[in-house]
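The residues making up each chain are set out below.
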Amino acid sequence: MKKMIKLSLVAAVAVAGLTTSASAQKLTDAIQGVDFSGSVEYRMEHRDTETKNAIVPAASTNGENAKIVLKGKTSVNDSVTFSTVAVVNGQAASQGDSVASTQGAANINVAKFTYTNGALNVTAGMQELNTPWTSAGDGARANGILATYGLGSVTLAGAMFRDAQQGIYTNVATNSANINAVAALGSAGPIHYAVWYAMINEENDATAMLGNNRGGLDALSIALGGKFGPVSVDASYATLEEDGATVLNGKLLDQSLAKVMLAADLGAVKLTAGMADGGKDGELVSFSTTNSSAMFESWNVSAGDGTGSNLSAYTLRADMPVGPVSIALQYTDAEFDDNYGNTIATLDADVNEVMAQVTYKMSKNFTTYFRYAQVDTKITTKATGVTTGTDMD
């Protein structure tokens, strides 16, 4: 049984005392015209894991993480602004008597200039990767240029990113990627839509998931949604294909994932239901390891990050606000196998998660929550019919 408990404190803070000037001018003069903001987050997590039908001892792990985000924005002139984001991360994890910790160190995640002229916006420098395949909230960033142009209800976008980092398509920390993308985003009445196309290639082929293939990847994401009274509907379809080769880490790279999410806000309760289907070769459609919008996920069950082929998943969730307190209950189930289109599947997997969360908003800039989940995993070997189960709380 795998049990997970997560406690998080998040507080938005006003940041003062920072200056980008090295001169001897007064601090109050140096920060005039600079908008500062930020947040502080602290999280504790405990996990218990028990494996059935296998000679693996039960294990417990504890983890802690503190994160400070400092943001600054200032005008260079009437058309140009400069923005920067500094992030301080510190974490500790333990298992048994061993403890591994990371001292907090400040990293500059964003340092960008934005030029605005009517409907045209051009951003250059180190910036967040806000795409369907990446999660800027998890630190996805790159050096490059992003341009957008508004044409009435439609916005066109084009981007060239170099040295993309932080969970981009691979967990190898030294890897980086080049990403070129175009997009059209807009709305028509209650309907909103977004179409993205991107090409990606990794520079460090010695350790990259692409191996010796330098052809790169083609990615497509189509999203459509709308709000109709208390009901909202969102659907998306994403694909990821490799150029010049057919295999990625032993998997045929003709990946696809379709998902539909329905939500109904009934006042006293908000109900959400969703389902996802992956392709016969797999459902790896995300450049990031977590939280990209192309993915389908709950806390510990996800699709879109290479879980398996022939995937079928669904989730049901209820959120009940009571004053400053909100209670959430969620159930997620996913079934998949290891048939990546070129072999007969040898394994079948079934994963389900039950999660409960209580969130308390003490004030407009302070929120805390307590989360508990139980995840059951069953993997069956087809040749023998033997099922191995893992429970995690």
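Fair warning: this is a prediction, and the values are worked out from it, not measured in the lab.

Overview of the overall build of the protein chain
So, point 1. On a plain count of helices and strands, the protein chain comes out with one helix and 23 strands.
So, point 2. Taking all 393 residues of the protein chain together, 36% fall into the buried category.
So, point 3. Sequence separation of at least 24 residues holds for 54% of the intrachain contacts in the protein chain that already meet a minimum separation of 6.
So, point 4. Just so you have it, the protein chain exposes about 20200 Å², and 59% of that area is on carbon and sulfur atoms.

Here's the deal with the packing of aromatic side chains
So, point 1. Applying the stated criterion to the full structure yields two aromatic pairs.
So, point 2. A centroid spacing of 6.1 Å and a plane angle of 45 degrees characterise the contact between Tyr-314 and Tyr-331, whose relative ring orientation is tilted. Highlighted residues: Tyr-314 in strand E19 (residues 309-322) and Tyr-331 in strand E20 (residues 325-337), separated in sequence by 17 residues.
So, point 3. Note on Tyr-314: relative accessible area 36%, which makes it partly exposed.

What about the nonpolar core?
So, point 1. Among the nonpolar cores identified, the biggest contains 19 residues, and Leu-129, Phe-161, Ile-179 and Trp-196 are the most heavily contacted of them.
So, point 2. Put simply, the parts of the chain that give this core at least two residues each are strand E8 (154-165), strand E9 (177-188), strand E10 (191-202) and strand E11 (217-228).
So, point 3. Not counting residues up to four positions away in its chain, the partners in contact with Phe-161 are Gln-127, Leu-129, Ala-142, Asn-143, Gly-144, Ile-145, Leu-146, Ala-177, Asn-178, Ile-179 and Asn-180.
So, point 4. With 13 residues, the next largest nonpolar core counts Leu-257, Ala-276, Leu-311 and Ala-313 among its residues.

A word on the side chain of Thr-239
So, point 1. As for its placement among the helices and strands, Thr-239 is situated in strand E12 (residues 231-242).
So, point 2. Once residues within four sequence positions are removed from consideration, Thr-239 is found in contact with Asp-218, Ala-219, Leu-220, Gln-255, Ser-256 and Val-285.

A few points about a nonpolar patch on the surface
So, point 1. A surface patch of nonpolar side chains, amounting to about 430 Å² of accessible area, comprises Val-260, Leu-262, Met-275, Tyr-314 and Leu-316.
So, point 2. At the level of secondary structure, the elements contributing two or more residues to the nonpolar patch comprise strand E15 (254-265) and E19.

Description of the side chain of Ser-256
So, point 1. In this fold, Ser-256 is placed in strand E15.
So, point 2. If sequence neighbours within four positions are ignored, Ser-256 has contacts with Tyr-237, Ala-238, Thr-239, Asp-277, Gly-278, Gly-279, Gly-282, Glu-283 and Val-285.

Digging into the pattern of salt bridges
So, point 1. Overall, the coordinates contain three salt bridges when judged by the stated rule.
So, point 2. Between Glu-128 and Lys-112 there is a salt bridge, and its shortest N-O distance comes to 3.0 Å. Of the two residues, Glu-128 sits in strand E6 (residues 120-128) while Lys-112 sits in strand E5 (residues 98-117), which places them 16 residues apart along the sequence.
So, point 3. Here Glu-128 falls in the partly exposed class, since its relative accessible area comes to 25%.

What about the confidence of the model for the protein chain?
Close inspection of predicted coordinates is inappropriate for parts of the model with low pLDDT.
So, point 1. Averaged over all residues, the pLDDT of the protein chain equals 76, while 65% of them reach at least 70.
So, point 2. Note that pLDDT drops below 50 for residues 95-101; the model gives that stretch 12 contacts with residues more than four away or on any other chain.
So, point 3. Within the model, the stretch residues 203-214 combines pLDDT values under 50 with 31 contacts to residues more than four positions away or in other chains.

Section: the environment of Thr-134
So, point 1. With respect to the helices and strands, Thr-134 occurs in the loop between E6 and strand E7 (141-151).
So, point 2. For the pair formed by Thr-134 and Ser-286, sequence separation is 152 residues and the distance between their alpha carbons is 6.8 Å.

Some details on the environment of Gly-158
So, point 1. By secondary structure assignment, the location of Gly-158 is in strand E8.
So, point 2. Exposure remark for Gly-158: the relative accessible area of 25% places this residue in the partly exposed category.
So, point 3. Taking the C-alpha atoms as reference points, Gly-158 and Ile-145, separated by 13 residues in sequence, lie 8.3 Å from one another.
So, point 4. If we skip the residues at most four places from it in the chain, Gly-158 touches Ile-145, Leu-146, Ala-147, Ala-181 and Val-182.

Description of the pairing of E20
So, point 1. Here 12 bridges tie E19 to E20, and the two strands are oriented antiparallel to one another. Bridge pairing in E20 links Met-320 to Ile-327.
So, point 2. Turn length for the E19-E20 hairpin, with the two strands adjacent in sequence and antiparallel, is two residues, and the turn residue Gly-323 shows positive phi of about 65 degrees.
So, point 3. As judged from the 13 bridges shared by E20 and strand E21 (residues 347-363), these two strands associate in the antiparallel manner. By the bridge assignment, Tyr-331 is partnered in E21 with Val-354.

Concerning the environment of Ser-309
So, point 1. Positionally, Ser-309 belongs in strand E19.
So, point 2. Relative accessible area serves as the criterion here: at 0%, Ser-309 is assigned to the buried category.

The rules behind the values
Residues numbered from 1 in each chain as written. Predicted model: local features only at pLDDT ≥ 70, side-chain atom pairs only at ≥ 80, totals over all residues. Heavy atoms only, no water. Helix = DSSP H or I, 4+ residues; strand = E, 2+ residues; numbered from the N terminus. Buried < 20%, exposed > 50% of the residue type's maximum accessible area, 1.4 Å probe, protein only. Contact = heavy atoms within 4.5 Å. Areas by Shrake-Rupley, 256 points an atom, 1.4 Å probe, with all protein chains shown as cover. Phe/Tyr/Trp six-rings, centres within 6.5 Å; stacked < 30°, edge-to-face > 60°. Core = buried A, V, L, I, M, F, W, Y, C linked by side-chain atoms within 4.5 Å. Patch = residues over 30% accessible without salt bridge, like charges linked within 9 Å, V, L, I, M, F, W, Y side chains within 5 Å. Salt bridge = Lys/Arg side-chain N within 4 Å of Asp/Glu carboxyl O. pLDDT = per-residue confidence, 0-100. Pairing = 2+ DSSP bridges.

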